[in-house]
Structures are given as C-alpha cells and as structure tokens.
Amino acid sequence: MLSYRHGFHAGNFADVLKHLVLVEILAYLQKKDKPLDYIDTHAGAGLYRLQGRMAAKNCEYGNGIARLLPGDPGLPALQPYLDRVLAHNAGGRLQVYPGSPAIACGLLRPQDKAWLFELHPADTEQLRRVCAGRNIHIRGEDGFRGLAALLPTPSRRALVLIDPPYELKQDYQRVVDALKLILRKMPTATVALWYPVVERKRIDQLERQIVASGIRRVEQFELGVRADTDGRGMTASGMMVVNPPWTLRTTMAQLLPPLARLLSEDDGEHQRIQSLVGE
C-alpha cells in the first residue's frame, strides 16, 4: 500500500487549478442533454476536514482555497468553482474541502453516471459515504487497470480525470499509456491529466512523450507559486486536457494571471497556457 493521502494537500493551489478545469469542462459538456459519464481514476476520500489531522499538518489550503473565498467580483469566471466549495460549507465558513469526486458528483444530472476508482481502503470507505448515489459506481481498485473495461461508455460521451500521486516514477509512463488507451477506445472522450512540477525535467519528458504519441488537440495549463528549483517540493502543477471545450482556454486565460499573482510565494507570476498539440 502506498503512503500517499490527499488529505495532507486538500485545497492547495494544485487543487484550485485542477478543480477550476474540472468544473469548466463539466459545465460545457452538460450544455447538451445527452448523458455523460465521469470517470475518476484516483478519486481519494471525496471530502477533507481542513481542521483534521492531515490537512492541519501543513495547512496547504491556506495558500489555496482560503485565499479565494468569499470570491472576487472582478473574477466572475471563478465563481462556479467557489460555489461548489461553498456547497459543502454551511454559512460560508471554510471547514471542509471537496475533492474531485464530490465536486463532480454534485454536478451530475439524473442521466449522468460517475465511475470512481480508489485503491486506499480507508479512503474508499469514506468515498462511499460522501458520494453515494444510484448512478455513482465506486470501485476499490487500480483506476489505471479499470479504465479498459469501461470504455467506450454506453453514452459515448465521457470526461476522464487522471490524477495519480506520482509517488512511483512509473506513474509518468502509466499516464501516457492511459491516454493512449482511452483515445484508442474512445477518440471523442475529454481527458484531463493532472501533474505536479517537482522536477521540471520529468514534465519536459512527459510533454515530449505526449507530443510523440500522435494524440491530437491537447491544451496545457499550469499554475505555480514559486520558480522551479532543484530542491524538494512542488513549485507548480498543471493540467493537460485532450479534446478540450473551446471555452476552456478563454476562461483560463482570464483566471490564471490573477491567480498566479495572488497565490505567489515569491512575488512572481508563475503560470502558462499553451497548445501542446494542435488539431
């Protein structure tokens, strides 16, 4: 069993980026009445108490979601994401942070389905309590391995979120293999791949592998809190989105510069947007 628990990092700047992208994609895909399948390969516990033992250890949410509430009238594009966080915090007092499955399941329509994978037994147990529902399927297994049997989905419309902890170096290769599998079996799926920037050379290599894979239409969004370093610790995180909504780049271009300034730990503005692979 791996040691990673997302509770230590809940609500940090990386979650802000990941969940902004998640909410924007879901909002776009749900403009059509047709059913949608949401697949989360590394779902986690679903909901995290920010005053609990794990989150309180480093209080990473302090330089993340805590800086963004109650909202900014000058950044209306931020509000749909903040509304999903506030939905779990009565009276607007920040006490818990919803993970990706809680955010997504809170947005599901009756015709939609969710498939949530989580390997850690304790987190799987909590996930079943947080995200129970008729159209929500929770599986205590490896999400990378579970993908093949789900695709293509009966709805023929899917959003797949891939966000492993990258605790094992082979995860960098496994995410590339997962992208190839998903898009071979379901070319129209939207796939959102999260990554941490701990060693920039690993991300450079990941980008080269995706470019060389033949996968098309990949947009990349990155948000950092300090300049890259050779030391330990995550300086930035990013999202690579395959088959992105056409609205996503516009929204992120509005949000990333002010967020980078607000969350910076060294007075820099660490963010980037690029089309990693075109049509």
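Attention in this report is confined to the structure presented alongside it. (Residues numbered from 1 in each chain as written. Predicted model: local features only at pLDDT ≥ 70, side-chain atom pairs only at ≥ 80, totals over all residues. Heavy atoms only, no water.)

**Side note on the pattern of salt bridges**
Logical step 1: Tallied over the entire structure, the rule returns 15 salt bridges.
Logical step 2: In this structure, R145 engages D142 in a salt bridge whose closest nitrogen and oxygen atoms are separated by 3.9 Å.
Logical step 3: A relative accessible area of 67% means that R145 is categorised as exposed.
Logical step 4: The class of D142 is buried, set by a relative accessible area of 15%.
Logical step 5: Here D228 and R200 are joined by a salt bridge, their closest N and O atoms 2.7 Å apart. With D228 in the loop between β8 (218–224) and β9 (236–242) and R200 in helix α8 (residues 200–212), this residue pair connects regions lying 28 residues apart in the sequence.
Logical step 6: For R200, a relative accessible area of 22% translates into the label partly exposed.
Logical step 7: Each member of the salt-bridge network shares a partner with another, and the members are R200, E207, E222, D228 and R272. (Salt bridge = Lys/Arg side-chain N within 4 Å of Asp/Glu carboxyl O. Buried < 20%, exposed > 50% of the residue type's maximum accessible area, 1.4 Å probe, protein only. Helix = DSSP H or I, 4+ residues; strand = E, 2+ residues; numbered from the N terminus.)

**A short note on the sheet that holds β8**
Logical step 1: The eight strands lie next to each other as β5-β4-β1-β6-β7-β9-β8-β10, forming an open sheet whose pairing is mixed. A single partner strand is all that each edge strand has here, and the edge strands are β5 (136–139) and β10 (271–277). With direction set aside, neighbouring strand axes in the sheet form an average angle of 15°.
Logical step 2: Packing against the sheet, helix α6 (residues 143–150) makes contact with β1 (37–40), β4 (113–117), β5 and β6 (158–162), and its axis sits at approximately 145° to β4.
Logical step 3: The strands that helix α7 (residues 171–185) touches are β6, β7 (190–197) and β9; relative to β7, the one it contacts most, it runs at about 170°. (Pairing = 2+ DSSP bridges. Axes fitted to C-alpha atoms, helices over the stretch in contact; angles between N-to-C directions. Contact = heavy atoms within 4.5 Å.)

**Concerning the nonpolar core**
Logical step 1: By size, the foremost hydrophobic cluster in this structure holds 90 residues, and its most contacted members are Y81, L116, I162 and I210.
Logical step 2: The element contributing the most residues to this core is helix α1 (residues 13–29), with eleven residues.
Logical step 3: When near neighbours in sequence (up to four residues on either side) are disregarded, Y81 contacts V16, H19, L20, V23, I65, L68 and Y97. (Core = buried A, V, L, I, M, F, W, Y, C linked by side-chain atoms within 4.5 Å.)

**Points about the pairing of β9**
Logical step 1: Judged by how many residues are buried, β9 sits mostly within the fold: seven of seven residues are covered.
Logical step 2: Both faces of β9 are covered, namely the face carrying A236, G238, M240 and V242 and the face carrying S237, M239 and V241.
Logical step 3: With seven bridges connecting them, β7 and β9 associate as antiparallel partners. Paired with L193 across the two strands is M240, which belongs to β9.
Logical step 4: Of the pairings in the sheet, the one linking β8 to β9 comprises seven bridges and is antiparallel in character. In the sheet register, L223 faces β9, and the bridge partner there is S237.

**Concerning the packing of α1 against helix α9 (residues 246–263)**
Logical step 1: Interaxial distance between α1 and α9 falls to 11 Å at its minimum, and their mutual angle equals 160°. The angle between α1 and α9 falls in the class roughly antiparallel. Here α1 and α9 pass one another in a crossing that is right-handed. Within the contact between the two elements, α1 uses F13, V16, L17, L20, V21, E24, I25 and Y28 and α9 uses W246, T247, L248, T251, M252, L255, L256, L259 and L263.
Logical step 2: Each residue belonging to the contact of α1 with α9 can be placed in one class, and the counts come to 14 nonpolar, two polar and one charged. (Parallel < 35°, antiparallel > 145°, perpendicular 65-115°, else oblique. Left-handed = near helix turned anticlockwise from the far one by under 90°. Nonpolar A, V, L, I, M, F, W, Y, C, P; charged D, E, K, R; others polar.)

**Brief notes about the pairing of β1**
Logical step 1: Burial of β1 is two-sided: the residues D37 and I39 facing one way and the residues Y38 and D40 facing the other way are all buried.
Logical step 2: The pairing of β1 with β4 spans four bridges and is classified as parallel. Its bridge partner being in β4, D40 is matched across the sheet by L116.
Logical step 3: The pairing of β1 with β6 spans four bridges and is parallel. Its bridge partner being in β6, I39 is matched across the sheet by V160.

**Digging into the environment of L82**
Logical step 1: Checked against the element boundaries, L82 lands in helix α3 (residues 79–86).
Logical step 2: Between the C-alpha atom of L82 and that of L22, which follows or precedes it by 60 residues, the distance is 12 Å.
Logical step 3: When residues no more than four places from it in sequence are discounted, the contact partners of L82 are I65, L68, L69, P70 and G71.

**A word on the packing of aromatic side chains**
Logical step 1: Taken as a whole, this structure holds two aromatic pairs when the rule is applied.
Logical step 2: For the ring pair Y166 and Y172, a centre distance of 4.7 Å and an interplane angle of 45° mean the geometry is tilted. Taken as a pair, Y166 and Y172 share a single burial class, namely buried.
Logical step 3: Ring centres 6.0 Å apart and planes at 55° place the aromatic pair Y166 and W194 in the tilted group. (Phe/Tyr/Trp six-rings, centres within 6.5 Å; stacked < 30°, edge-to-face > 60°.)

Read these as layout, nothing more, since geometry by itself doesn't imply function.
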